[in-house]
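Results of the structural survey
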Amino acid sequence: MEDSGTRYATNGDTTVAYRVVGDGPTDVVFLPGLISHVEVLLESPLIQRYLQRLSSFCRIVLVDRRGLGLSDPAPPGVPLETEIGDLLAVLDAVGSERAAVFAYAAGGPLAVQTAVAHPERISGLVLYACMYRAIADDDYTWAMSAREREERSAQLLEWWGTGGNLERIAPSHVDDDRLREWLGRLERSSASPGRFRDALARFQEVDVRPLLAHVRVPTLVLHRTADRLIDVRHSRYAAERIYGARLVELPGEDSLPAAGESEVLIGEVEEFLTGGRTGAAVHRDLLTVLFTDVVDATGTASRIGDGRWRDLLAEHDAAVRAQLHRYGGREVKTIGDAFLAVFDGPPSQGVRCAAAIVEAVRPLGVQVRAGLHTGECERIGGDVGGMAVHIAARVAALAAADEVLASGTTYGTVVGAGLAWQPRGDHELKGVPGRWPLFALER
């Protein structure tokens, strides 16, 4: 998946951060709600897989709206009309004469206003779980009252930066500790609590309902019917008022588009933009999955300082990669201080690699934990997914410092390979049915 890295467009005195992902034939600008950071966004494997699938048929332009992420701050009272100029400046910067806009949540009003003001630049709208007015009134009764909005805002601010909002944004992933950590980091990187409070206040003044009838570009309206964060009636209202709009209600409670059954959602977007569906190119292979991560990484970084930590992490990464190369492993991705790798063929190679990694990083003053599981994995492009990956991650989370822990499946497959093990009993793995026997490698 091609990635431009962070770039900046200029609108007057304001710079707007953007990032181009993929090289598909159709340009699509993604407009976020009130949480955005074009660099932290791609640190989540869930988001990476989602964007990789989208990029199979489009070129995605990620944007940090002014006041969020890496873009310039937004002064009080800045109108949506000003943000239209920001969006057009980004389109000019990426060389796009005409693009579709994929808007989410509070991104909906800007998408609608831009399409009405400049239909020559907007080829279509995908409005996913968007809101068009923040506060209820006589014909918008399902929106929150001013008091309810104030209470919700206070709750969001109380949990800001902790990942505590995961229950509403992606309830199907509530047990995913890594996703929770990523969400907290994304919130903190998007805005301080004060800046987020200002963004909420600006959004509460927005009301683009009168513009809906003036949209004259093809429009797809999507919403998960049981969305816990945003009421589906926002989308029903818009679809009734936008000429020719197609409303598709999908099953599920998740609001985050990459969560839940995301392929169903992407399929609707692909058909709308291209006229057909190819489906994700998914292949299943029997692989041994290895997760490693640094023990007490946060404490170590705090103790030695950011600069030394970056250097230490680079040395750690080089040591891990050297062992992966030695034992025939394939690095899938890194997530902060964690590695995900897979091994074809005999699982014993993956086990020996894990043990070698533990030893290789010890001279650096770093301890790692490692977890392995052998099972069928989905290969999607250069990524892997499926329950086997999930199980390996859970096994790794239970490993102690300097320990290589394996599922019973991996253990049973390498019996006779000259490896010695100690049983660690049966364990429940978050999100995985049943109890699983685990074994620690003797070294």
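Residues numbered from 1 in each chain as written. Predicted model: local features only at pLDDT ≥ 70, side-chain atom pairs only at ≥ 80, totals over all residues. Heavy atoms only, no water.

Identification of the chain as Adenylate/guanylate cyclase domain-containing protein from Paraconexibacter algicola is taken from an unreviewed UniProt entry.

Bringing the environment of Thr15 into the picture now. Inspection of the secondary structure puts Thr15 in strand β2 (residues 14–21). Classification of Thr15 by relative accessible area gives partly exposed; the value is 25%. Residues within four places of Thr15 in sequence aside, it is in contact with Tyr8, Ala9, Thr10, Ser71 and Asp72. (Helix = DSSP H or I, 4+ residues; strand = E, 2+ residues; numbered from the N terminus. Buried < 20%, exposed > 50% of the residue type's maximum accessible area, 1.4 Å probe, protein only. Contact = heavy atoms within 4.5 Å.)

Taken as a whole, the second largest pocket encloses approximately 870 Å³ of empty space. Secondary-structure elements contributing two or more residues to the lining of the second largest pocket are α1 (45–54), β4 (58–63), α4 (146–159), α5 (166–169), α6 (177–190) and α7 (193–204). Broken down by element, the residue count for the lining of the second largest pocket peaks at five residues, all from α6. Considered class by class, the residues forming the lining of the second largest pocket number 36 nonpolar, six polar and eight charged. (1 Å grid on protein atoms, 1.4 Å probe; cavity = no way out; pocket = protein on both sides within 12 Å on 5 of 7 lines; lining within 4 Å. Points joined across faces, edges and corners; volume = space filled by probe spheres on them. Nonpolar A, V, L, I, M, F, W, Y, C, P; charged D, E, K, R; others polar.)

Turning our eyes to something else, we now look at helix α9 (residues 262–274). Here α9 contains 13 residues, and its C-alpha end-to-end distance of 18 Å stays within 8% of the 18 Å for a straight helix at 1.5 Å per residue. If you check which residues of α9 are buried, you get Ser262, Leu265, Ile266, Gly267, Glu268, Val269, Glu270 and Leu273. A positive backbone phi angle near 90° is found at Gly275, which sits one or two residues after α9. (Expected span 1.5 Å × (residues − 1).)

Here we take up the packing of aromatic side chains. Summed over all chains, the structure comprises eight aromatic pairs. For the pair Tyr140 and Tyr237, a centre-to-centre distance of 5.0 Å together with 85° between the ring planes defines the contact as edge-to-face. Taken together, the residues span a long stretch of sequence, with Tyr140 in the loop between β6 (122–128) and α4 and Tyr237 in helix α8 (residues 233–241) at a distance of 97 residues. With a relative accessible area of 7%, Tyr237 lands in the buried category. Aromatic side chains Trp160 and Phe196 sit 3.9 Å apart centroid to centroid with 15° between the ring planes, which places their arrangement in the stacked category. In this pair, Trp160 is assigned in the loop between α4 and α5 and Phe196 in helix α7, connecting sequence segments 36 residues apart. (Phe/Tyr/Trp six-rings, centres within 6.5 Å; stacked < 30°, edge-to-face > 60°.)

Time to look at empty space enclosed by the protein. Over the atoms rolls a probe the size of a water molecule, and its path tells where empty space is left. Applying the stated criterion to the full structure yields two cavities of 30 Å³ or more. In terms of lining, the largest cavity is formed by Val16, Leu31, Val63, Asp64, Arg65, Arg66, Glu83, Asp86, Leu87 and Leu110. When its residues are assigned to classes, the lining of the largest cavity shows five nonpolar, no polar and five charged. When its volume is computed, the second largest cavity comes out at roughly 30 Å³.

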